[in-house]
Amino acid sequence: MELKVSSLAERPEALERVVGMADNWPEFTVQDLVGNAHYGRIPVELPEHVLFAEDERGEVVAHAYSVPFSLAAEGRGELPARGWDEVLVWAFADLRRGVTPDTVSAISIVVAPHAQGLGLSGLMLSAMRDNARAHGFREVVAPVRPNAKHLEPRTPIEEYAHRVRKDGLPHDPWLRVHARAGATIERVAPASMTVAASLEEWRRWTGLPFDTEGEIEVPGALVPVRCEPQHGYAVYVEPNVWMRHPL
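Residues numbered from 1 in each chain as written. Predicted model: local features only at pLDDT ≥ 70, side-chain atom pairs only at ≥ 80, totals over all residues. Heavy atoms only, no water.

(A) Highlighting the overall build of the chain. Looking only at helices and strands, the chain has eight helices and nine strands in total. The globule rule puts the C-alpha radius of gyration for 247 residues at 18 Å, and the 18 Å found for the chain is close to it. Summarising its shape, the C-alpha atoms of the chain cover approximately 50 × 45 × 45 Å along the three principal directions. Looking at the chain as a whole, 50% of its 247 residues are labelled buried. Relative to all contacts within the chain whose residues are 6 or more apart in sequence, the contacts with residues 24 or more apart total 72%. Entry remark: accessible area of the chain is about 11,800 Å², with carbon and sulfur atoms responsible for 51%. Across the chain, the 25 positively charged side chains and the 35 negatively charged ones have centroids separated by 4 Å. (Helix = DSSP H or I, 4+ residues; strand = E, 2+ residues; numbered from the N terminus. Rg over C-alpha atoms; globule rule 2.2 N^0.38 Å. Buried < 20%, exposed > 50% of the residue type's maximum accessible area, 1.4 Å probe, protein only. Contact = heavy atoms within 4.5 Å. Areas by Shrake-Rupley, 256 points an atom, 1.4 Å probe, with all protein chains shown as cover. Lys, Arg positive; Asp, Glu negative; His and termini not counted. Charge placed at Lys NZ, Arg CZ, Asp CG, Glu CD.)

Structure (structure tokens):
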């Protein structure tokens, strides 16, 4: 597959095709209110930080979103425990206030379902690093969603994140791609994304009954969802793993 990688700043006419590219995220993962409030703003307000790959037919087969923010701003300094949600809030607060950013955070790398398994995730990660470097940044950070953690939802994230193979690389495939690109694990973000919703919504999203109090294992979830039938709601708090990429 021959690919061409561009930014939306270079190719603004591709906006609808990039935003409309198919994905296979589980429905509940796109119900985070912080993400819903900010994610769609990235291609419109920060097009220079949205990259996309086209195949030889001009079809968009992958995209990568990132955001610049100031890690050194007062009250920050450390990558946040609330990971993905918090860095989105920081980035758009900085943009609104005119704060000069010093770091780029990866937000997502998505590959179209029919193009998965071809190494496009690594390609887009490399392109994101190159793009940040070209804009004068010296570091990319990433609140990584380990893509095989859902197979072990009850394994503590600290244990899972630091599990390595015999060659010293991370056990998890997506953490391993980042490590091969030069990243190191900084810390776990234990509350990187939160989805709190009614039991009716969870039933619609998952097809599960959600009628038992306690932890419910949901396909695609990195940890169990906490179900409270007496109160009519369930809550999913997803952990991610902060990784740092020096440029």
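There is more to say after this.
(B) Up close: the packing of aromatic side chains. Taken as a whole, this structure holds seven aromatic pairs when the rule is applied. Measuring from centroid to centroid gives 5.2 Å for F28 and Y236, while their planes differ by 90 degrees, and the two rings are edge-to-face. With F28 in the loop between helix 1 (15-19) and helix 2 (33-38) and Y236 in strand 9 (residues 233-246), the pair connects residues that are 208 residues apart, well separated along the chain. As far as burial versus exposure is concerned, F28 and Y236 are alike and both buried. When the ring of W202 is compared with that of W205, the centres are 5.2 Å apart and the planes differ by 70 degrees; the resulting orientation is edge-to-face. Of this pair, W202 and W205 both sit in helix 8 (residues 199-206), separated by three residues, roughly a single helical turn. Across the pair, exposure class does not vary: W202 and W205 are buried alike. (Phe/Tyr/Trp six-rings, centres within 6.5 Å; stacked < 30°, edge-to-face > 60°.)

(C) How the structure looks around the side chain of N240. With respect to the helices and strands, the residue N240 is situated in strand 9. For N240, a relative accessible area of 3% gives the class buried. For N240, the side chain forms a polar contact with the side chain of S192, separated by 2.8 Å. Polar side-chain contacts of N240 include one of 3.2 Å to the side chain of E238. Excluding residues that lie within four positions of it along the chain, N240 makes contacts with W84, P143, V144, R145, V188, A189, S192 and L222. (Polar contact = N/O pair within 3.5 Å; in protein donor to acceptor, adjacent residues only side chain to side chain.)

(D) View of the layout of surface pockets. Computed from the structure, the largest pocket encloses a volume of approximately 1,300 Å³. Around the largest pocket, the lining is made up of 49 residues, and of these W25, S108, I109, V110 and R145 lie nearest the centre. (1 Å grid on protein atoms, 1.4 Å probe; cavity = no way out; pocket = protein on both sides within 12 Å on 5 of 7 lines; lining within 4 Å. Points joined across faces, edges and corners; volume = space filled by probe spheres on them.)

(E) Expanded view of the environment of P101. Within the secondary structure, P101 is located in the loop between helix 4 (83-97) and strand 4 (103-111). With 92 residues separating them along the chain, P101 and M193 place their C-alpha atoms 23 Å apart.

(F) How the structure looks around the nonpolar core. By size, the foremost hydrophobic cluster in this structure holds 43 residues, and its most contacted members are V18, I42, I107, W202, F210 and Y236. Those elements that place two or more of their residues in this core are strand 2 (50-54), strand 3 (60-69), helix 4, strand 4, strand 6 (184-198), helix 8, strand 8 (225-228) and strand 9. The greatest single-element share of this core, amounting to six residues, is contributed by helix 4. One finds A115, V144, A161 and V188 within the second-largest nonpolar core, a separate group that totals 24 residues. (Core = buried A, V, L, I, M, F, W, Y, C linked by side-chain atoms within 4.5 Å.)

(G) Highlighting unusual backbone geometry. The backbone of F210 sits at a positive phi, close to 45 degrees, despite the residue not being glycine. Relative to the elements of secondary structure, F210 occurs in the loop between helix 8 and strand 7 (214-216).

(H) Focus on the pattern of salt bridges. With the rule as written, the count across this model stands at 21 salt bridges. A salt bridge links R187 to E78; its shortest N-O distance comes to 3.7 Å. Pair noted here: R187 is in strand 6 and E78 is in the loop between strand 3 and helix 4, with a separation of 109 residues, a long-range link. Owing to a relative accessible area of 29%, R187 belongs among the partly exposed residues under this scheme. Members of the salt-bridge network, linked through shared partners, are R11, E13, R17 and E54. (Salt bridge = Lys/Arg side-chain N within 4 Å of Asp/Glu carboxyl O.)

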